[in-house]
Amino acid sequence: MLKNENFRLVLISLIFSASVLVILPRIEIYVSNKLLKVDSYVGGYSPKIFGKVIDLSDFKKGMDVGGMERVVFTIGDAGTENVETNSQLVKEITEKRMKSGGYKEYQVYISKTDGKYQLVVEVPKYVDINYLAVLLNGTGNLTFKTLKNPAEWGPEEAARLVASPDSWLPTDISRSDVSDLAISKGSTGQDQLQIIFKPEGKAKFNKVAKENVNKPVAFFINDQDFPVLIPVIDESLAADALVDPTLTGYFPQGFLQSFLIQYKNGPLPVKLFSPEAFDVAPKFGSNFIEKFGLALLVGFSATLILSLIRFKKEGILLSMSVFLSICLFLALVKVFSVSVNFALVAGTLTALLLFVEKGYEILYKIKLEESKDKPFGYVIEKVFGEQGDIFKYVIILLFFTMLLVLRSAKGELVSFIYSIVIGCLCLPYLYFVFKTLLETSGGKKK
Amino acid sequence: MISGFINTLETCKEFIIFFGVVVGFVAIFSSPVLKSVQKINRKRIVALFIISLCLSIVLSIVAFFGYVLFTKYSYENLNLYLLFTLILSINLNLSLVVNIRREISRAKKSMSFSESVGGSVRRNFRKVFDVIIYYLLFLLAILFLANREIGSFIGMLFISVLVCSFVSAFAPSFICKLSERIFK
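Source: prediction; values computed, not measured.

(A) Layout of the overall build of chain B. On a plain count of helices and strands, chain B comes out with six helices and zero strands. When the helices and strands of chain B are read in sequence order from the N terminus, they spell out α-α-α-α-α-α. Taking the principal axes of the C-alpha coordinates as reference, chain B spans close to 55 × 35 × 25 Å. When each of the 184 residues of chain B is scored for burial, the buried share is 43%.

See the structure below:
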């Protein structure tokens, strides 16, 4: 079917239309007169693909383009000798937590204001600040406590005891006794936390369990005053000295996952206090995306003239092919939620250069072959056949190396790498469009 | 200033990984890709490719250092600048290498390696010149219509476009002689 010219043209039109619909923001269309009544919109859709809703209402704006949230924590222990070392440690742990939490674009630094050390975290506005504050605030510690007065225990007392920090006494089990934590799903699908103890930790836990059969052992995290759970120890758990306990309860969505990140990248040497969030305006102005879009269009118009002067009709076809490829590129950027920042702008220009360089290479080859008085149709087949190799090598080399580099990349660089990967995906499309347009314009007939 | 530059260079982890992986890939896949070429010429082509990449990067670094020296621009985007340079250089040099492969395969036996390269390089020159103008037009559009700050960053990338283009347009003949000396 791909050999049929009409089919290829329809396919290109469909891909172009889909790309434009993806790129466009939601534009309301409202017409109400005697002849016509329309109340609809175009663009900014939220299609559901494989059960997942893809939000295409707007590009994902990075810190430079969409502004940012600056979250400031006061670091505890101000005034002590270790505060500088602790602050540095807090910064390192915060960076690890951000990385484990899947955040790609952020900045973490320590500032000193009025003699107080502060941890400053800057993230784009699309980030959930409340979740972030919880993730960074927790110390990552875990403790087990038993009742001060075991005789007062009864199921009806549970709610009162949970709200009463003074009713609990710490045991000697600490995070140093735990070798790992794991999250699994319970029989009813709820999250549960499995605590894997070291041998000495297992012995300590077994001792506590034996002393508290049919009594609660409270589980505290992040040095908080109130327990997360107060599971009651049953006889079978106390009797099995080798078992790793599993905590089952109705945890809020993402609660255990965030504690796991805190635990695995912690513990914080000091507590963090009173997170405050501040809005910071975008560095590149409020309507950068619109301005950049306009600049791209003007750039295309200027280069269209250049191509027209250099290669006449074939030059225009190249400009059209590059334009269609860039539309697909931007649509994929939106679909894959790549953050728009200055690195993405650089990536877009790099992709554009790849497209243009390949296009010009083809046009110069066509010119050369045409000068030998060969028929245009034959020239196109020959040149595209030869150029196919170059396209293939560039795509393979850049696509796979960029995916490897992506593993270690962080910050704005991630957008640049994604843009090159997407550019590699669009290169075959450029090849396909340019060949089809050249053939349709008379290549085969000649 | 120089120590700041060297410290920044040391943090360009992604660039170093990228460069290492590219050189590794080229070394591994040169045999199947260049199987129609004599072994000695195959080695010369690989050498030409890698020397050309290195030359582009070294000259781009020197140009970047000069740019910072005159404009007081910060070093913070060096990693991105180097990645951009490497991608551009790979793209230009891969096209060149595949063209050289074709020239060598087609060439008469009496034609030397340098002569085969000469034809490809001449055609490359005009294309590279057009690419420079194309980039310049987009740079001007972004500079005047989008944002000056990002325009200055893209302007910095223009240095890299110039360096890579000139290396791929003028240096292959010199690098070719060098690779002929290395692999006699």
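Now that the structure has been shown, we can carry on.
(B) Focus on the overall build of chain A. Secondary structure assignment for chain A yields 13 helices and 14 strands. A compact globule built from 446 residues should have a C-alpha radius of gyration of about 22 Å, whereas chain A, at 31 Å, is more than 25% larger. By residue count, 36% of the 446 residues in chain A fall in the buried class. Long-range contacts, defined as pairs at least 24 residues apart, comprise 70% of the intrachain contacts of chain A with a sequence gap of at least 6.

(C) Just the environment of Asp-130 of chain B, in detail. Relative to the helices and strands, Asp-130 of chain B resides in helix α5 (residues 113-145). Assessed through the 23 C-beta atoms surrounding it within 10 Å, Asp-130 of chain B is described here as buried. Contact partners of Asp-130 of chain B, with chain neighbours within four places excluded, come to Arg-310 and Tyr-360 of chain A.

(D) Helix α4 (residues 78-106) of chain B, seen in detail. If you check α4 of chain B, its first and last C-alpha atoms are 42 Å apart, about what 29 residues at 1.5 Å a residue would give, namely 42 Å. In terms of burial, α4 of chain B is a largely internal element, 25 of the 29 residues being buried.

(E) Layout of the pairing of strand β2 (residues 37-42) of chain A. Residues and elements named next belong to chain A. In terms of burial, β2 is largely open, as just zero of its six residues are buried. Pairing between strand β1 (residues 27-32) and β2: six bridges, direction antiparallel. Paired with Glu-28 across the two strands is Tyr-41, which belongs to β2. Linking β1 back to β2 in an antiparallel pair, the connection comprises four residues.

(F) Seen up close, the packing of helix α11 (residues 342-370) of chain A against helix α6 (residues 148-182) of chain B. Running from N to C, α11 of chain A and α6 of chain B point in directions that differ by 45°, and their axes come no closer than 11 Å. With respect to their mutual orientation, α11 of chain A and α6 of chain B come out oblique. Judged by the twist between their axes, the crossing of α11 of chain A over α6 of chain B is right-handed. For the pair α11 of chain A and α6 of chain B, contact is made by Phe-342, Val-345, Ala-346 and Leu-349 of chain A and by Ile-150, Phe-153, Ile-154 and Leu-157 of chain B, respectively. Of the residues that constitute the contact of α11 of chain A with α6 of chain B, the class distribution is eight nonpolar, no polar and no charged.

(G) Spatial organisation of the domain arrangement of chain A. Once the domains are mapped, chain A shows domain 1 (5-23 + 286-443), domain 2 (68-137 + 274-280) and domain 3 (142-249). Its C-alpha centre places domain 2 of chain A at a distance of 31 Å from the equivalent point of domain 3 of chain A.

(H) Layout of the sheet that holds strand β8 (residues 142-147) of chain A. Residues and elements named next belong to chain A. Reading across from one edge, β9-β8-β12 is the order of the three strands in this open sheet, with antiparallel pairing throughout. Two strands bound the open sheet, and with one partner strand each, they are β9 (168-170) and β12 (217-221). Geometrically, the sheet is characterised by an average inter-axis angle of 40° between neighbouring strands, direction not taken into account. For β8 and β12, the ladder comprises five bridges, and the chain directions are antiparallel. The partner of Phe-144 across the bridge, within β12, is Phe-219.

(I) Examining helix α2 (residues 13-33) of chain B more closely. The end-to-end C-alpha separation of α2 of chain B is 29 Å, in line with the 30 Å expected for 21 residues at 1.5 Å each. At Ala-27 of chain B, α2 of chain B shows its strongest bend, of approximately 30°.

(J) Here's a closer look at the interface of chain B and chain A. Of the residues lining the interface, 41 residues belong to chain B; the matching set on chain A comes to 44 residues. The residue inventory of the side of chain B that touches chain A, partitioned by class, reads 29 nonpolar, four polar and eight charged.

(K) Seen up close, the pairing of strand β7 (residues 116-124) of chain A. Residue and element names in this part refer to chain A. Looking at chain direction, strand β5 (residues 68-75) and β7 are connected through seven bridges and run antiparallel. From the neighbouring strand, Val-71 faces β7, where its bridge partner is Val-121. Relative to β7, strand β6 (residues 107-113) runs antiparallel, the two being bridged by seven bridges. From the neighbouring strand, Gln-107 faces β7, where its bridge partner is Glu-122. In this structure, the hairpin formed by β6 and β7 is closed by a connection of two residues, where Asp-114 is found at a positive phi of approximately 50°.

(L) Molecular detail of the sheet that holds strand β13 (residues 246-248) of chain A. Residues and elements named next belong to chain A. Strand order in the open sheet made by the three strands is β10-β11-β13, with antiparallel pairing throughout. Looking along the sheet, the strands with just one partner apiece sit at the ends: β10 (178-185) and β13. Adjacent strand axes in the sheet meet at a mean angle of 20°, parallel and antiparallel pairs treated alike. Bridging between β10 and strand β11 (residues 191-197) involves seven bridges; their strand directions are antiparallel.

(M) Representation of the nonpolar core. Residues Ala-346, Phe-416, Ile-417, Ile-420 and Phe-434 of chain A together with Leu-83 and Leu-86 of chain B are the most contacted members of the largest nonpolar core, which totals 121 residues. The residues touching Ile-417 of chain A, leaving out its near neighbours within four places in the chain, are Met-402, Val-405, Leu-406 and Ala-409 of chain A. Met-98, Leu-119, Val-121 and Leu-135 of chain A belong to the second-largest nonpolar core, a separate cluster that totals 21 residues.

Conventions we followed
- Residues numbered from 1 in each chain as written.
- Chains lettered and ligands numbered in written order.
- Predicted model: local features only at pLDDT ≥ 70, side-chain atom pairs only at ≥ 80, totals over all residues.
- Helix = DSSP H or I, 4+ residues; strand = E, 2+ residues; numbered from the N terminus.
- Buried ≥ 20, exposed ≤ 12 C-beta atoms within 10 Å, placed from the backbone.
- Rg over C-alpha atoms; globule rule 2.2 N^0.38 Å.
- Contact = placed C-beta atoms within 7 Å.
- Expected span 1.5 Å × (residues − 1).
- Pairing = 2+ DSSP bridges.
- Axes fitted to C-alpha atoms, helices over the stretch in contact; angles between N-to-C directions.
- Parallel < 35°, antiparallel > 145°, perpendicular 65-115°, else oblique.
- Left-handed = near helix turned anticlockwise from the far one by under 90°.
- Nonpolar A, V, L, I, M, F, W, Y, C, P; charged D, E, K, R; others polar.
- Domains from an automatic or database assignment.
- Bend = angle between axes of the 7 residues up to and from the residue.
- Core = buried A, V, L, I, M, F, W, Y, C linked by C-beta atoms within 7 Å.

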